[in-house]
Amino acid sequence: MSDGQGHGAHAHIAPPSMYYKVFAALIVGTVLTVAAAKVDMGPLNNVVMLLIACTKATLVILFFMHVRWGSRLTWIVAMSGFFWLALLFSVLGDYVSRGWVPETMR
Amino acid sequence: MRDAHSEHFPGPIHQPPLASNVDAIQPHDHEELPHHPKLQHHFDDMAQQVEASTLGMWVFLVTEIMFFGGLFTAYLVYRYINPEGFAEASHHLNVTWGAVNTIVLIVSSLTMALAVRSAQISAPPKTQVAWIGATMLLGATFLGVKAIEYYDKFTHHLVPGPNFHWEGKHPAPAEMFYSLYFCMTGLHAIHMVIGLGIMTVIGFMAWRRTFDADYYTPVEVAGLYWHFVDIVWIFLFPLLYLIGGHFTE
Amino acid sequence: METLNYLNNGHGLKSWLLTKDHKRIALLYLVSITVFFVIGGFFAMLVRLELLTPAGDLLTSETYNKMFTMHGVVMVFFFLIPSIPAVLGNFLIPIMVGAKDLAFPRINLLSWYIYVLGGVFTLVAALGGGVDTGWTFYTPYSTAAANGHVITAALGVFITGFSSILTGLNFIVTIHRMRAPGLTWFRLPLFVWSHYATSLIMILGTPVIAITVLLVAAERGLHLGIFDPALGGDPILFQHLFWFYSHPAVYIMILPAMGVVSEIVQAFTRKNIFGYSFVAFSSLAIAIIGFLVWGHHLFVSGQSVYSGMIFSFLSFCVAIPSAIKVFNWTATIFKGSVCLDSPMLYAFGFIGLFTIGGLTGLFLAAMGLDIHVHDTYFVVAHFHYIMVGGAIMGYLGGLHYWWPKISGRRYSEPWAKFSALLVFTGFNLTFFPQFIAGYLGMPRRYHAYPPEFQVLNVASTLGASILTVGYVIPLIYFAYSLFAGEKSVNDPWGARGLEWEIPSPPPTENFTVSPVVTEGTHQYVHPNQEVGLA
């Protein structure tokens, strides 16, 4: 039996137009990020920047990296990576909570 | 314990393959069963090989997320402690170069995705090589811009160490910022260089007519790596270049 | 005419050094980790010799610091972390899932070469003069003082980390994608479950220590001062990043041993494990919760009190899945047909000593108590109970259990029983006095101590000598068995499992016909146990 990889669940081939649309969205996101950086929104600047960056990353993962049509396991693996990254970021919690018990501050 | 089979054991736990179950089993001494020339023999079939290869690359990318994650954590902590110092230090970074590099990498992700697609549709080798080559050219452009930026830092005494010199209000946080800048963009650039190496191999294989709709796993897996490197930059750019909302020309 | 098996299929150095056979790679690892075990043991011997007397009269303090540092670095990174996964895991996992090899055989070989390269870097650091930072490389001492060998040693650890990562990657993909037809997750041996959980930790944790030691090297070598106090660098950040991996790393060391114990306990009581799914899930729980507790190494470092409280609570939680395993092993043994052959002696030793080690971990998890015993010998005793009384006993038990399968030979059972007893006796004599010394206040990492601790230290060194003999004897009878041991049948122990269905030693391709599994791989039928619980 010819069992090339084209025969199977991951044979989804997207049309070029899909890739160009995602590309356009990524460019728009970049332009927005730079523009938003010029406007002083206080702490909201960080939120906007990160939201745009996360959206761009999600688009790349879902469409360029084909997770949209991949197996559930692929999705779980990708998500667990970011989840564990967030866990690592919880180190920041130590620094944020350092001053909360005044008697322990020298 | 010396007797191998006592009365406690009802029999062997597996059976020889059932005749109707031929698809599930590949008898290993049968070499005449037709299979793809690229099938590695510890796999049962190409589908299993493809699934294993893509899962393997994804698991590797998770390790890369955690690898860069340590640097992002250090960045988070020190920026939290020194918000003004970091903002002041970030001002010297050239947002235009950073934005150009961001766009360069996004285009390269597009060309990479289209390179994978060209293999998926069995496009002629020269088409595949063209897309791969475009990706590599853009990657090299990225590195060229980074070289220009690094040279600028060198001439302005912004390389941490004995020659670091900062005129502003927060010299210590500035040197910390630039330590992180060089660590993060440096590690990213090393990954780009490795990516170019991988793409050279892939481009060569494509030129040799290796890839078509029946077999394109290496391109797909290389693509996953390339997109990951792009995603890291998608986060590096705003975090390093766009703090504080000001920028120099 | 000898039948073809993986050992005689191909001769010569090249056929071993360029092999893609997971079984041969396992043996490559066996040889190299044994070498590192001896090296690490040598450093331990010097430590214990110095501690025979209260005065620091054998070694200077700096040399002594180098001894315990190299002991820790070698034992943790080059012995304990690879041991069971790289030797027994590599050998058995493809067979236990009914496959011909791991998913990526060439990457498997690469991981061994990476391991050796990292080892060479570390040995160069040792021979060049050694590192005295402790295996924990705390900043700013490691970055701003110490000596230049820190860079070499840090790079050695960095490189070897990739060996761990690639092994974990290989196991995860193999277990997900290469199970034989009919082999569902809940029919897998518990050895596979524990290695799957271990591999999750290897993947998610190792990269963090990789970047951390790389940053230490970068700070020394390239002035990129991420931890430099002059730039506002925080030594506690280093500790956070270091322990984010190094705590889960101890679960990398213990989980595979727990998998070994689960297998041995079933074989040597002729009973299915009590509560299979609880034991399987507890491996995952240990791996996951184990990532949430790293701050218990930072209780007195200056981290926030709230962080400390949360980490203390979570550290108590992580004991629960471990306890579940101990209860289930006990329930399995209860009314089983217990056979006290050498593998089972090691398994019993594991269960008892791991329990003591684990319980003393709870003492340390209580913040108030930890303030008293932090950086004392209490901590040293605690982790040696787990790593030596637990992990190494599991490793030895597994080596003994699967030795006939791996080598095709039987070792001398009387000598094996004798050395198991020596190991148990020597171990307890070495490390139990250290609990007492630590509780009474003897600090760790000091080459001199107040005279009132001498009796405890002498007992400890005596125990270490006995322990050493207990470790050397197996080397001898295992080597002897290769030449003169009785040849083994497929299933010398009368155990159940795919690995016992194939010849000892196995053929290169493991299975001549790919198995189709129709029931759980452990179907011991014991009159004291209801059937159908698997």
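Residues numbered from 1 in each chain as written. Chains lettered and ligands numbered in written order. Predicted model: local features only at pLDDT ≥ 70, side-chain atom pairs only at ≥ 80, totals over all residues.

Side note on the overall build of chain B
Looking only at helices and strands, chain B features six helices and one strand. When its helices and strands are written in sequence order, chain B yields β-α-α-α-α-α-α. Counting only residues that meet the buried cut, chain B has 50% of its 249 residues in that class. Pairs at least 24 residues apart make up 78% of the contacts formed inside chain B by residues separated by at least 6 positions. (Helix = DSSP H or I, 4+ residues; strand = E, 2+ residues; numbered from the N terminus. Buried ≥ 20, exposed ≤ 12 C-beta atoms within 10 Å, placed from the backbone. Contact = placed C-beta atoms within 7 Å.)

A few points about the overall build of chain A
A count of helices and strands for chain A gives four helices and zero strands. When the helices and strands of chain A are listed from N to C terminus, the series reads α-α-α-α.

Concerning the environment of Ser460(C)
Checked against the element boundaries, Ser460(C) lands in helix H16 (residues 454–484). Put simply, Ser460(C) and Gly361(C) are 99 residues apart on the chain and 20 Å apart in space, counted from C-alpha to C-alpha.

Side note on the interface of chain B and chain A
Of the residues lining the interface, 46 residues belong to chain B; the matching set on chain A comes to 42 residues. For the side of chain B that touches chain A, the secondary-structure elements that each account for two or more residues are helix H1 (46–81), helix H3 (95–120) and helix H6 (217–241) of chain B. In terms of residues, the side of chain B that touches chain A owes the most to one element, H1(B), which gives 17 residues. Class assignment of the residues belonging to the side of chain B that touches chain A gives a composition of 31 nonpolar, eleven polar and four charged. (Nonpolar A, V, L, I, M, F, W, Y, C, P; charged D, E, K, R; others polar.)

Examining the environment of Val192(C)
Residue and element names in this part refer to chain C. Topologically, Val192 is positioned in helix H8 (residues 190–222). A tally of 26 C-beta atoms within 10 Å means that Val192 is categorised as buried. A sequence separation of 235 residues divides Val192 from Phe427, and the C-alpha atoms of the two residues are 28 Å apart. Beyond its immediate sequence surroundings of up to four residues, Val192 is in contact with Ile93, Met96, Val97 and Ile175.

Regarding helix H1 (residues 16–38) of chain A
Here H1(A) is 23 residues long and its end C-alpha atoms lie 34 Å apart, about the 33 Å a rise of 1.5 Å per residue gives. Listing the buried residues of H1(A) in full gives Tyr19(A), Val22(A), Phe23(A), Leu26(A), Gly29(A), Thr30(A), Thr33(A), Val34(A) and Ala37(A). Elements that come into contact with the buried residues of H1(A) comprise helix H2 (44–64) of chain A together with H3 and H6 of chain B. (Expected span 1.5 Å × (residues − 1).)

Re the domain arrangement of chain A
The accessible area lost on association of the parts is a frequent measure of interface size. What the domain assignment reports for chain A is domain 1 (14–65) and domain 2 (71–98). Computed over C-alpha atoms, the centres of domain 1 of chain A and domain 2 of chain A are 21 Å apart. (Domains from an automatic or database assignment.)

Regarding unusual backbone geometry
The residue after Thr139(C), namely Pro140(C), is reached through a cis peptide bond having omega -5°. If you trace the backbone, Pro140(C) turns up in the loop between helix H5 (105–127) and helix H6 (141–144). Of note, the amide linkage connecting Ser504(C) to Pro505(C) takes the cis form, showing an omega dihedral of -5°. Among the secondary structure elements, Pro505(C) is positioned in the loop between H16 and strand E1 (516–517). Positive phi is not limited to glycine here, since Ser122(B) has a value of about 55°.

With respect to the nonpolar core
One finds Val59(B), Leu180(B) and Ala154(C) to be the most contacted residues of the largest nonpolar core, which totals 272 residues. Counting residues per element, this core draws most heavily on helix H9 (residues 235–267) of chain C, which supplies 22 residues. Two domains each provide a minimum of three residues to this core, namely domain 1 (14–65) and domain 2 (71–98) of chain A. Once you skip the residues sitting within four places of it in the chain, Leu180(B) turns out to touch Leu71(B), Ala74(B), Tyr75(B), Tyr78(B) and Ile226(C). (Core = buried A, V, L, I, M, F, W, Y, C linked by C-beta atoms within 7 Å.)

Things to note about the environment of Val338(C)
Residues and elements named next belong to chain C. By the secondary structure assignment, Val338 is in the loop between helix H11 (305–333) and helix H12 (342–365). Classification of Val338 by C-beta neighbours within 10 Å gives partly exposed; the count is 14. Between the C-alpha atom of Val338 and that of Gln266, which follows or precedes it by 72 residues, the distance is 9.5 Å. With residues near it in sequence (within four places) discarded, Val338 still touches Phe268, Thr269 and Ile333.

Focus: the packing of H1(B) against H8(C)
For the pair H1(B) and H8(C), interaxial distance at closest approach is 8 Å and the crossing angle is 40°. Classified by the angle between their axes, H1(B) and H8(C) sit oblique to one another. Between H1(B) and H8(C) lies a crossing of right-handed hand. Side by side, H1(B) and H8(C) meet where Val59(B), Val62(B), Thr63(B), Met66(B), Phe67(B), Gly69(B), Gly70(B) and Leu71(B) of the first sit next to Ile203(C), Leu204(C), Pro207(C), Val208(C), Ala210(C), Ile211(C) and Thr212(C) of the second. Considering only residue class, the contact of H1(B) with H8(C) consists of eleven nonpolar, four polar and no charged. (Axes fitted to C-alpha atoms, helices over the stretch in contact; angles between N-to-C directions. Parallel < 35°, antiparallel > 145°, perpendicular 65-115°, else oblique. Left-handed = near helix turned anticlockwise from the far one by under 90°.)

Some thoughts on helix H4 (residues 125–155) of chain B
All names here are of chain B. Look at H4: 45 Å from first C-alpha to last across 31 residues, which is about the 45 Å you get at 1.5 Å a residue. Residues Gln128, Val129, Trp131, Ile132, Thr135, Met136, Leu138, Gly139 and Phe142 constitute the buried set of H4. Immediately beyond the C-terminal end of H4, within one or two residues, lies His157, with a positive phi of roughly 55°.

Observations regarding the packing of helix H2 (residues 22–50) of chain C against H16(C)
Residue and element names in this part refer to chain C. The geometry of H2 relative to H16 is characterised by a closest axis approach of 9 Å and an angle of 155° between their N-to-C directions. Taken together, the axes of H2 and H16 lie roughly antiparallel to each other. Note on packing geometry: the crossing formed by H2 with H16 is left-handed. On H16, the residues that touch Gly41, Ala44, Arg48 and Leu49 of H2 are Ser460, Thr461, Ala464 and Thr468.

Topic: the confidence of the model for chain B
All names here are of chain B. Mean pLDDT over chain B stands at 87; residues scoring 70 or higher make up 85%. Residue range residues 1–32 is modelled with pLDDT below 50. Its contacts to residues more than four positions away, or to other chains, number 48 contacts. Reported confidence for the predicted complex is 0.94 by ipTM and 0.93 by pTM. (pLDDT = per-residue confidence, 0-100.)

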